[in-house]
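Structural overview
Each chain, letter by letter, is given below.
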Amino acid sequence: DRHGLVVLVTKGAPDVLLGRCTHERAAESVRPLSAARKAEILESVDWLADQALRPLAVAYRELPEDEGARSVAAPESYEHGLTFLGAVGIIDPPRPEAARAISDAQAAGIRVLMITGDHPRTALRIATELGLDTRAGSVLTGAEIEAVDDERLTGLVREVSVYARVAPEHKLRIVRALQADANIVAMTGDGVNDAPALRAADIGVAMGISGTDVSREAADMILADDNFATIVSAVREGRAIFDNIRTFLRFLLSSNVGEVLTMLLGVLGARLLGLDQT
């Protein structure tokens, strides 16, 4: 409550939030937000994203006290006519071992994709630092996914490795598109919104520390340390076990086949050898 007014403060993606702003606050004054000024702000946002920062915009709107009391029921309906306050860049650096783990996964024939709600430029910069395949030089956004049909998306997922500004339904479509292209898909996630994609994937991997109950219930495997490198270690151990089982089966088959052939030849050749007593 500010001088009899209720102040509604909201944050979100700069490109989305700016579309709901009509003014900006600067130097203790409020002035109209022109198209040229919006373009200038978006350039600053792009600069933040190029530094591998996650840009976040903040805006507010003053509501009369009676209107503010009603806004609690449906706050999203009041997110218009906002006054832009500014944009910040948040850094969430990848774990030091993540790049090595991704390199090991790629060497083992595993294709690693990034699916995030971050700004496309932020996603591409982080993906490049992690060593993901960004040769296509493009990022597929949620809006672009919505604009294509399933057949076209199946073709796109063969080339694109970075997806940004995606919603839960986009993650699900990506998983299904990869499966439609005869891929075995493992999906990682920790939020409620990840649950549909975790359930649809061949192997759903949830986070044991930061993961929600819904994501853990939807997953097939839970990481106790929330570390991507653990998945690579698990794959390595699993392949070693599979190789040992295959080697053991080959040994059993080769030795047993020799014994069976010896007995069979003995029975068939008994008459010739004079061992047939009948």
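That block above? That's the structure.
Below is a short write-up of the structure.

Calculation rules
- Residues numbered from 1 in each chain as written.
- Predicted model: local features only at pLDDT ≥ 70, side-chain atom pairs only at ≥ 80, totals over all residues.
- Heavy atoms only, no water.
- Helix = DSSP H or I, 4+ residues; strand = E, 2+ residues; numbered from the N terminus.
- Buried < 20%, exposed > 50% of the residue type's maximum accessible area, 1.4 Å probe, protein only.
- Contact = heavy atoms within 4.5 Å.
- Salt bridge = Lys/Arg side-chain N within 4 Å of Asp/Glu carboxyl O.
- Arc of directions from axis to C-beta.
- Pairing = 2+ DSSP bridges.
- Axes fitted to C-alpha atoms, helices over the stretch in contact; angles between N-to-C directions.

Further remarks concern the side chain of Asn-227. In this structure, Asn-227 sits in the loop between strand S11 (221-223) and helix H11 (228-268). Among the residues examined, Asn-227 registers a relative accessible area of 12% and is labelled buried. Beyond its immediate chain neighbours, meaning those up to four positions away, Asn-227 contacts Arg-95 and Glu-97.

As a further point, take the pattern of salt bridges. Counted according to the given criterion, the structure contains 18 salt bridges. Of the charged contacts, one joins Arg-31 and Glu-24 as a salt bridge, the two residues approaching to 3.0 Å between their closest N and O atoms. Its relative accessible area of 4% is what places Glu-24 among the buried residues. For Asp-46, the salt bridge goes to Arg-121, with nearest N and O atoms at 3.9 Å. Taken together, the residues span a long stretch of sequence, with Asp-46 in helix H2 (residues 35-50) and Arg-121 in helix H5 (residues 120-130) at a distance of 75 residues. By sharing partners, the salt bridges in this structure join Glu-24, Arg-31, Arg-37 and Glu-40 into a single network.

Once that is clear, we can look at helix H4 (residues 98-107). Taken residue by residue, H4 has Ala-98, Ala-101, Ile-102 and Ala-105 as its buried positions. Down the axis of H4, the buried set is contained in an arc of 100°. They therefore lie on one face. Those residues of H4 that are exposed and aimed more than 90 degrees away from the buried face are Arg-100 and Ala-107. Here the buried face of H4 lies against H5 and H11. Positive phi appears at Gly-109, one or two residues downstream of H4, with a value of about 85°.

Turning our eyes to something else, we now look at the sheet that holds strand S6 (residues 114-115). Pairing is parallel in the open sheet, where three strands are placed in the order S6-S8-S7. Each of the sheet's edge strands pairs with one partner strand only, and the pair in question is S6 and strand S7 (140-141). Here S7 pairs with strand S8 (residues 162-164) via two bridges, running parallel. Bridge pairing in S8 places Thr-141 opposite Ala-164. Of the strands in this sheet, S6, S7 and S8 touch H5, which is tilted by about 150° from S8.

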